[in-house]
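Working through the structure, step by step
What follows is the residue order along each chain.
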Amino acid sequence: TLAYMFFYELFKKKESMLVLPKIEAKIDDSLKAITYLKPHVLSDVNLFSRSGNLLNFDLLKEKKVACVGLGAIGSQSALQLARLGLRNFTLIDRESLSLQNIMRHACDLEDVNLSKVEATAKKIGKINPEASFQLFNQDALSLDFKNLNSELYISAIANDQAERFLNKVFVGLNKPAIYGRTTTTSYAGRVFRVIPNKDACLECLSKYNYFQDV
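Now for a look at the structure at hand. (Residues numbered from 1 in each chain as written. Predicted model: local features only at pLDDT ≥ 70, side-chain atom pairs only at ≥ 80, totals over all residues. Heavy atoms only, no water.)

**Considering the packing of aromatic side chains**
One pass over the full model with this rule turns up four aromatic pairs. With centroids separated by 6.1 Å and ring planes inclined at 25 degrees, the aromatic side chains of Phe89 and Phe133 adopt a geometry described as stacked. Taken together, the residues span a long stretch of sequence, with Phe89 in strand E4 (residues 88-92) and Phe133 in strand E5 (residues 132-136) at a distance of 44 residues. Look at Phe89 and you get buried, because its relative accessible area is 2%. Between Tyr153 and Phe170, the aromatic rings sit 4.2 Å apart at their centres with planes inclined by 15 degrees, giving stacked as the arrangement. Here Tyr153, found in strand E6 (residues 152-155), pairs with Phe170, found in helix H6 (residues 160-172); they are 17 residues apart in sequence, far enough to count as distant. You'll find Tyr153 and Phe170 in the same group, each marked buried. Taken together, the aromatic side chains of Phe145, Tyr153 and Phe170 make up a single cluster linked through ring pairs. (Phe/Tyr/Trp six-rings, centres within 6.5 Å; stacked < 30°, edge-to-face > 60°. Helix = DSSP H or I, 4+ residues; strand = E, 2+ residues; numbered from the N terminus. Buried < 20%, exposed > 50% of the residue type's maximum accessible area, 1.4 Å probe, protein only.)

**Overview of the environment of Asn149**
In this fold, Asn149 is placed in the loop between E5 and E6. Along the sequence, Asn149 and Val65 sit 84 residues apart, while their C-alpha atoms lie 9.0 Å from each other.

**A short note on the side chain of Asp93**
Here Asp93 lies in the loop between E4 and helix H5 (116-127). No salt bridge is formed by the buried Asp93; its nearest oppositely charged neighbour, Lys116, is found at 4.8 Å. Within the structure, the side chain of Asp93 is placed 2.8 Å from the backbone nitrogen of Glu95, a separation counted as a polar contact. Filtering out sequence-adjacent residues up to four positions away, Asp93 remains in contact with Gly69, Leu70, Gly71, Lys116, Val117, Phe136, Asn137 and Gln138. (Lys, Arg positive; Asp, Glu negative; His and termini not counted. Salt bridge = Lys/Arg side-chain N within 4 Å of Asp/Glu carboxyl O. Polar contact = N/O pair within 3.5 Å; in protein donor to acceptor, adjacent residues only side chain to side chain. Contact = heavy atoms within 4.5 Å.)

**Details of the nonpolar core**
Formed by 19 residues in total, the largest nonpolar core has its most connected members in Val68, Ile92, Phe145, Leu148, Tyr153, Phe170 and Tyr179. Of all elements in the fold, only strand E3 (64-68), H6, strand E7 (177-182) and strand E8 (189-194) reach the threshold of two or more residues within this core. If you tally residues by element for this core, the top one is H6, at three residues. In contact with Tyr179, other than residues within four places in its own chain, are Ser155, Glu163, Leu166, Asn167, Phe170, Arg190, Val191, Phe192, Val194 and Leu202. (Core = buried A, V, L, I, M, F, W, Y, C linked by side-chain atoms within 4.5 Å.)

**Some details on helix H4 (residues 72-84)**
For H4, with 13 residues, the first-to-last C-alpha span of 19 Å sits near the 18 Å given by 1.5 Å per residue. Looking at H4, one finds that the buried residues are Gly74, Ser75, Ala78, Leu79, Leu81 and Ala82. Buried residues along H4 cover an arc of 155 degrees about the axis, so they all sit on one side. Close packing links the buried residues of H4 with E3, E4, H5 and E6. Immediately beyond the C-terminal end of H4, within one or two residues, lies Gly85, with a positive phi of roughly 115 degrees. (Expected span 1.5 Å × (residues − 1). Arc of directions from axis to C-beta.)

Structure below.
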């Protein structure tokens with residue numbers, strides 16, 4: 001059997017390709033039948049060109065964002081941030097990706113049994129190879145957020161007590177945060193932004209519900 005093995009580097013990653021021509025093909029003919037794909041030059045200019053002048057990539061690519069909870073909402077949020085040009089990610093989730101997660105998660109079947117932080121980082125890397133990561137495969141409530149140095153927090157933990165705890169931490173650190181979640185049945189959802197000393201904080205939302213907007 002005649003085979004050709006090619007080794008090359010694509011977007012700073014080492015790759016290989018095995019080509020198996022038909023058995024009856026001659027060496028010269030089989031080489032002529034190979035189609036070579038030349039990769040595009042990867043840069044911010046062509047990678048994000050479809051966004052036009054709406055985004056400042058020089059600003060966004062330096063920003064640091066932490067995504068807390070990488071389920072259906074958190075994983076999709078992280079990927080969309082990568083598509084906006086952000087490349088400095090802290091990903092936090094204690095769970096692994098199961099088969100039952102796939103229909104709502106940003107990742108797919110080849111990522112099953114990986115931790116959600118690994119699977120999401122892998123997917124972000126395919127969107128923006130320049131992305132860098134801090135991965136925490138642990139409970140967010142046990143993490144010392146003072147050492148993360150993130151500039152924005154995205155919380156997608158569908159747990160009231162956990163959200164209220166994180167809200168106190170982020171307000172205490174004077175860090176902006178966005179809280180997104182759905183109800184248990186996904187019948188409804190809500191997004192709540194908190195910029196300390198400017199917006200109401202998540203604690204205010206609980207009082208708003210309690211007093212029924214009196």
